[in-house]
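Chain residues, written in single-letter form:
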Amino acid sequence: MMPSMIDMLAQKNEWTVSEISFAIKQLVETSFANVRVKGEIFGAKRADSGHWYLSLKDENSLLAAVCWRGVANSLPVKIEDGVEVVATGKITTFNGRSSYQLVIEKLEIAGQGALLKLLEERKQKFLAEGLFDAAHKKPIPYLPQTIGVVTSPTGAVIRDIIHRIRDRFPCRIIVWPTAVQGEGAAEKIAAAIRGFNALPKGDINRPDVLIVARGGGSLEDLWPFNEEVVVRAVYDSEIPLISAVGHETDTMLIDYAADVRAPTPTGAAEFAVPVKNEIYSGLLTTDMRLKNAVFRYFNELTQYVEGLARGIPSLEQILLENQQKIDDRSERLKLAFLNLLKDKNNALLLTNLKPFYVTNLLSVKTESLKNLGLRLESVSVESVLKRGFAWVSDSQFRTIYSTNKAKSSEKLHIRFADGIVKARVTERDCAVQGDLFDDF
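What comes next is a walk through the structure. Computed from a predicted structure; not experimentally measured. (Residues numbered from 1 in each chain as written. Predicted model: local features only at pLDDT ≥ 70, side-chain atom pairs only at ≥ 80, totals over all residues. Heavy atoms only, no water.)

## Here's the deal with the packing of aromatic side chains
Then, in step 1: The tally for this structure, following the rule as stated, stands at four aromatic pairs.
Then, in step 2: Measuring from centroid to centroid gives 5.3 Å for Phe-132 and Tyr-256, while their planes differ by 35°, and the two rings are tilted. Here Tyr-256 lies in helix 9 (residues 253–257) and Phe-132 lies in the loop between helix 4 (111–129) and strand 6 (146–151), a separation of 124 residues in the sequence.
Then, in step 3: Judged by centre distance (5.6 Å) and plane angle (75°), the ring pair of Tyr-297 and Phe-298 falls under edge-to-face.
Then, in step 4: The class of Tyr-297 is partly exposed, set by a relative accessible area of 48%.
Then, in step 5: Pairwise contacts between aromatic rings join Phe-126, Phe-132 and Tyr-256 into one cluster. (Phe/Tyr/Trp six-rings, centres within 6.5 Å; stacked < 30°, edge-to-face > 60°. Helix = DSSP H or I, 4+ residues; strand = E, 2+ residues; numbered from the N terminus. Buried < 20%, exposed > 50% of the residue type's maximum accessible area, 1.4 Å probe, protein only.)

Here it is as structure tokens:
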């Protein structure tokens, strides 16, 4: 077996700086090639190259650390000050400064207490940004045609969801298989949510509702559902989303951002679809109630019309009553006429009329009629015209009653007792010019 560099140098009485630095480097990297160090992140800074430089500290000491860009991009934990972590890696020395540092190859939260602290800090951050606002929540469609499920393709979760949906109201289910724990799980879950939302509206494969589900586990196992990339993907989802992560007592940050939080994956299926038999039963009940309501309505209308009919006499009765009235009037008219003749006859008999009486009566009536004729003649037009009056009318022989009317007429007819004069009205002083004509 060949001696080590340290053994070879130990035999030397004098060392160079490089020799001692190299010996220490070999000793340190060989002795601490794979260590787990627990501490609080302090002074974390990301360089332009993408590498992270930080320190791990406890109550008494400080350990420098570095996380190369390729490792940092795949870490499940965000590097930030104040987070207690367990870093896995190797100790190496930096010859240029005679210092040593931890090269981080893996990083995880140290203990549930630290996880809960980080969880609360993220929760408050997202609350301040409004990612959990109730006003942003979208209603779950009552009868979705397609349901998208983001979960592991194996295990009891997807089987429970499919079985429950088929029992309640069978519909189309599209599963986007993804890891639900471990490194890179958060990014894959977020990509699945965004992938479903990227499908064009109207596409048969675009779900009406999403279910993001996972079975129970430790806080560390469920941690991907607390990551910022998942929470923001849920908030940005245009498709209504139901979260169903862990057991009923487990509450992840995805639950606050989701539109509905289900206690279990089976509960998510119950939120997504109603019970078909209950809908059918409800329709039957509604149909029966509608039929009964229509029957009662028409029955009440029938009773109402029948009540009105009882208060209205029949047409035959109306005709008979009026016919009876006509018969009664006819009979009374006949009797009245006979009684009138009888009364007149009796009056003639009572006066004992003689021929000279009839002659005298006719003479009186003739004289009276003559007097009436004389009175009528005295007020006739011809009689009035003979007394010196004239009758003025227009060309249509319509009587003129005023000077204004006369001025507006082009021709006038002035009738005297012995004829008619045709006159024309001129504008100057309303002069009248006329000729006599006999025809009227």
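## Quick word on the side chain of Thr-146
Then, in step 1: Along the polypeptide, Thr-146 turns up in strand 6.
Then, in step 2: Once residues within four sequence positions are removed from consideration, Thr-146 is found in contact with Arg-172, Ile-174, Ile-204, Arg-206, Pro-207, Asp-208 and Val-209. (Contact = heavy atoms within 4.5 Å.)

## Section: the layout of surface pockets
Then, in step 1: As a volume, the largest pocket reaches approximately 820 Å³.
Then, in step 2: Contributing to the lining of the largest pocket are 35 residues, with Leu-75, Pro-76, Val-77, Lys-78 and Glu-227 lying nearest its centre.
Then, in step 3: Those elements giving two or more residues to the lining of the largest pocket turn out to be strand 5 (99–109), helix 4, helix 6 (185–198), helix 7 (219–222) and helix 8 (228–236).
Then, in step 4: Here the element with the most residues in the lining of the largest pocket is helix 4; it accounts for six residues. (1 Å grid on protein atoms, 1.4 Å probe; cavity = no way out; pocket = protein on both sides within 12 Å on 5 of 7 lines; lining within 4 Å. Points joined across faces, edges and corners; volume = space filled by probe spheres on them.)

## Overview of helix 8
Then, in step 1: Within the sequence span of helix 8, burial applies to Val-230, Val-231, Ala-233 and Val-234. Taken end-on, helix 8 shows its buried residues confined to a sector of 165°, consistent with a single buried face. (Arc of directions from axis to C-beta.)

## Things to note about unusual backbone geometry
Then, in step 1: One non-glycine residue, Phe-397, lies in the positive phi region at around 60°.
Then, in step 2: The residue Phe-397 is located in the loop between strand 11 (391–394) and helix 15 (403–407) in this model.
Then, in step 3: Relative accessible area serves as the criterion here: at 40%, Phe-397 is assigned to the partly exposed category.

## So, helix 6
Then, in step 1: End to end, helix 6 covers 20 Å across 14 residues, agreeing with the expected 20 Å (1.5 Å per residue, within 8%).
Then, in step 2: Inspection of helix 6 places Ala-185, Ala-186, Ile-189, Ala-190, Ala-192, Ile-193, Gly-195, Phe-196 and Asn-197 among the buried residues, and these make up the whole buried set. (Expected span 1.5 Å × (residues − 1).)

## Concerning the pattern of salt bridges
Then, in step 1: Tallied over the full model, the rule gives 17 salt bridges.
Then, in step 2: Across the salt bridge formed by Glu-228 and Arg-232, the nearest N and O atoms sit 2.8 Å from each other. Pair noted here: Glu-228 and Arg-232 are both in helix 8, with a separation of four residues, about one helical turn.
Then, in step 3: By relative accessible area, Arg-232 is classed as partly exposed at 26%.
Then, in step 4: Of the charged contacts, one joins Arg-398 and Asp-394 as a salt bridge, the two residues approaching to 2.9 Å between their closest N and O atoms.
Then, in step 5: Classification of Arg-398 as exposed rests on a relative accessible area of 52%.
Then, in step 6: Among the charged side chains, a network of salt bridges with common partners joins Lys-125, Glu-129, Glu-228 and Arg-232. (Salt bridge = Lys/Arg side-chain N within 4 Å of Asp/Glu carboxyl O.)

## Quick notes on a nonpolar patch on the surface
Then, in step 1: On the surface, a cluster of nonpolar side chains totalling about 490 Å² of accessible area is made up of Leu-290, Val-294, Tyr-297, Phe-298 and Leu-301.
Then, in step 2: Within the secondary structure, Tyr-297 sits in helix 11 (residues 276–311). (Patch = residues over 30% accessible without salt bridge, like charges linked within 9 Å, V, L, I, M, F, W, Y side chains within 5 Å. Areas by Shrake-Rupley, 256 points an atom, 1.4 Å probe, with all protein chains shown as cover.)

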